[in-house]
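Tertiary structure, described
The lines below spell out each chain.
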Amino acid sequence: MITNTELEYKGNLYPSGLISYEHDQDTINFISKNGVRLQVTVLRDNMLRFRYATNGIFENDFSYAIDEDNLHGFSHLDVSEDETHIIITTEKIICKVAKDDLRVGTYELNGKPILEDEQGFHWEETFEFGGNFVKMSKMSRDQENYFGLGDKPTNFNLKGKRLSLWNTDQYAFAKDTAELYKAVPFYMGLHGNSAYGIFFDNTFKTHFDFCHERRNVTSFWADGGEMNYYFIYGPQMSDVLTSYTDLTGKPELPPMWALGFHQCKWSYYPESKVKEIASKFRELNFPCDAIYLDIDYMDGFRCFTWNKEYFPDPKRMVKELESDGFKTVAIIDPGIKIDLNYSVFKEALENDYFCRRADGPYMRGKVWPGECYFPDFTRPEVREWWSSLYREIIGEIGVKGIWNDMNEPAVMEVPGKTFPLDVRHDFDGHPCSHRKAHNVYGMQMARATYEGVKKFNFPKRPFIITRANYSGGQRYTSTWTGDNVATWEHLWLANVQIQRLCMSGMSFAGSDIGGFAEQPSGELFTRWLQLGIFHPFCRVHSSGDHGEQEPWFFGEDVLEITRKYVELRYQLLPYLYTAFQKYVEEGMPILKPLVYYDQEDVQTHYRADEFIFGNQILVCPVQEPNVQGRRMYIPRGKWYNFWNDKLVTGGKEMWVDAPLDTIPIYIKEGAIIPKYPVQQYVDEVKMEEMSLDIYYKIGKENSEFYEDSHDGYEYRQGIYSHRTFKFTGKEDEMIIQQHKQGKFSAPYTTFKLKFHGMPFEIKRVFFENEEVNVEDLHYDKENQTMIVHKDFSELHIVGNSNGNTAE
Ligand code: MIG
């Protein structure tokens, strides 16, 4: 029995026996004797939606999460019945609904259970709010494991946890804090080699129990709304996750500078300080693409204004920074200062854009500017207005990105740290209280921001970052993990949280590198940055109260090491950009936890430290002080140690050296990794040659390389280049084939190939099927490099084998 502890428990109610069912195209409707209606909709062969109405009447069907454009159909649907069940069969799964009590089970076509109801749907009436607590319990099998749920700061595998989703400003949160900034009510279950997902699209406070209360039961429930969830079958986790991401949407490609290194602090001001920091990066040759303005750039924390004393001419400053290769990103909070001399406030007041309490007064709360009112971002007109406010800061001043904070929404000095629950919201024409709108408030703010920045930055691409979010919010914005702390435990948390966000459809994520609260040692800062350069979003941020956190603050050694890693990120930008494109196109997570990478290997099911960056780079952070190495698990297959090109065979745990200047990195054999030269910022130099690092293997491996103009929308007109490389290696032979799609023509004309682990001496070379001299390809034997035209279609190398063996 799952109850909500905050309220008096009135007893669970259950559907009774089936009296009738109807099948209409993709939907099957069931009605029970006690009036419960269950609607099963077949969205795809591997995706079913379940909705329950306790009194037979459904609510208006509306969701902020679902991306309607992405729902494709199914190829097969058959509905039949036997004595005990109604049986729905698609091309991929069978779903049975019990005539007795409407309990549901899903099965593979061979009859093997995927997920079966335990008590199944039940509910508890709530007199205070009307409606119900809606509940669902499912059987869990031994060795079943759970992953997902957004930004939860807890063990990667969720088995044994009970967690709830209610967006909360948690300054200096701790491990196992139940509620954080984001609500992503999506998880994946993995049993044996078969994975499925559950997306509980309910914006009220939701709760998830993964075998915490009872060993073989997993349940999820909400404080209101409908039991409305999507079941997605794999069997691969990648099938589940990409289907979930199709359902809730994908972002557009960010401008490439957004993937560079970013420096932030609360706060850099006045202008001279911002300039000083920026020039220090250039002086020290430490690559950096963006600098952030936190709340102190505003006039008395009034959004969309500037403190003219600190920033007398923001347009000039932004332009000067830009000419030095820096993009400016500025923060915008939701709280609008109550001030009749402030145009944003006046406009919103006159148009009735602010949230109100149930009986009419405005929702008033204290945040940085003092007493504020808060726009109701769940109203389309309000979003429209909010996006128009970016005209000046983006369109005229030239700020390139917007950072939305405090949008859980956070309110200071009040119980619950947010709006009272009676606050009213429009919810896009479905008026409701804050109980229902709370978890989407931040998402709708970020959405309005996205629309505005996109419009006024056009034809360049927008960059938005938000703290609060809900499922589907990845369509509009990137995110960071909020106010972490400069401790080793938080470094561990950052690693888990970013992997978890990637497993929750929100790949464009990063942590405050070095920790927001308190101050890291040089060692912690170094270790954190070594991990951070592999996170899709890479930004150093700290609250100013504890000292400086620029890379040069910790002394010469730390500067040297961290510079080397940021340079590595810049070299890997084409590889990261390619992974981002796969995320945008296919919903593939940019980081792949080992369990996602190889679910068939049960060794991966409880691993959390190691992950795959993109498709072919294995990374394992060092998360403890004072160590010279660590044990790590190398997934199955063969991998090259990035630092010394030694080949190791995976499927085992091993000791790897990792002195302070080294984070363990391995490259999958057969991989072809595109690399840029080091730049101080994206597009600093005109690229004259592009490097491809080729890691020899016996066998085949495919690699990809996506490119476009790094910003703007020409790629949507086919002006991109998508290269697929096929590597085939034999004892004494190697073939690299390239297939290119798209009309983009990069500025460089050649690739510099660098061979790693080539076990033979080159005897003959065939280029485009014709034998050539190695000298023609500028073969450099010592460095193992060769230069070829970028649009080659086949390179065939024949050699004399002298063996290459793995450790
Ligand atoms: O109450 O804007 O998480 O990144 O620097 C603190 C000041 C408000 C919290 C954010 C943090 C930001 C800070 N903000």
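Residues numbered from 1 in each chain as written. Predicted model: local features only at pLDDT ≥ 70, side-chain atom pairs only at ≥ 80, totals over all residues. Heavy atoms only, no water.

**Topic: the environment of R356**
Mapped onto the elements, R356 comes out in the loop between helix 4 (343-350) and strand 23 (365-367). Looking at R356, the relative accessible area reads 30%, which means it is partly exposed. Sequence-wise, R356 and D376 are 20 residues apart; in three dimensions their C-alpha atoms are separated by 8.7 Å. Look past the residues within four positions of R356 in its chain and what remains in contact with it is P361, Y362, M363, V423 and R424. Polar contacts involving the side chain of R356 include one to the side chain of Y362, which spans 3.1 Å. (Helix = DSSP H or I, 4+ residues; strand = E, 2+ residues; numbered from the N terminus. Buried < 20%, exposed > 50% of the residue type's maximum accessible area, 1.4 Å probe, protein only. Contact = heavy atoms within 4.5 Å. Polar contact = N/O pair within 3.5 Å; in protein donor to acceptor, adjacent residues only side chain to side chain.)

**Thoughts on the site of the ligand**
Lining the immediate environment of the ligand, one finds 13 residues, of which D294, D405, R467, D483 and H541 sit closest. Taking W368, its side chain carries an N or O atom lying 3.2 Å from an oxygen atom of the ligand. In the complex, the protein chains occlude 95% of the 350 Å² of accessible area that the ligand would expose alone. For the shell around the ligand, the class distribution of residues is eight nonpolar, one polar and four charged. (Near = heavy atom within 4 Å. Areas by Shrake-Rupley, 256 points an atom, 1.4 Å probe, with all protein chains shown as cover. Nonpolar A, V, L, I, M, F, W, Y, C, P; charged D, E, K, R; others polar.)

**Structural notes on the sheet that holds strand 20 (residues 290-293)**
Pairing in this open sheet of nine strands is parallel, and the strands run 31-30-28-25-21-20-19-33-32 from one edge to the other. Two strands bound the open sheet, and with one partner strand each, they are strand 31 (509-510) and strand 32 (512-513). Pairing of strand 32 with strand 33 (residues 538-540) involves two bridges; the strand directions are parallel. Opposite I513, over in strand 33, you have V540 as the bridge partner. (Pairing = 2+ DSSP bridges.)

**Brief notes about the sheet that holds strand 43 (residues 689-695)**
Neighbouring strands of a sheet are bound in pairs by backbone hydrogen bonds; such pairs are parallel or else antiparallel. One open sheet holds the four strands; their spatial order is 42-43-47-50, and the pairing between them is mixed. Edge strands, defined here as strands with exactly one partner in the open sheet, are strand 42 (672-675) and strand 50 (785-789). Each strand of the sheet is rotated relative to its neighbour by a mean of 25°, with strand direction disregarded. Relative to strand 47 (residues 750-756), strand 43 runs parallel, the two sharing seven bridges. (Axes fitted to C-alpha atoms, helices over the stretch in contact; angles between N-to-C directions.)

**Details of the side chain of T27**
Locating T27 in the fold gives a position in strand 2 (residues 27-32). Within the structure, T27 has its side chain in polar contact with the side chain of D26 (distance 2.9 Å). If sequence neighbours within four positions are ignored, T27 has contacts with E22, Q39, V40 and T41.

Limitation: the analysis is restricted to geometry and does not speak to function.
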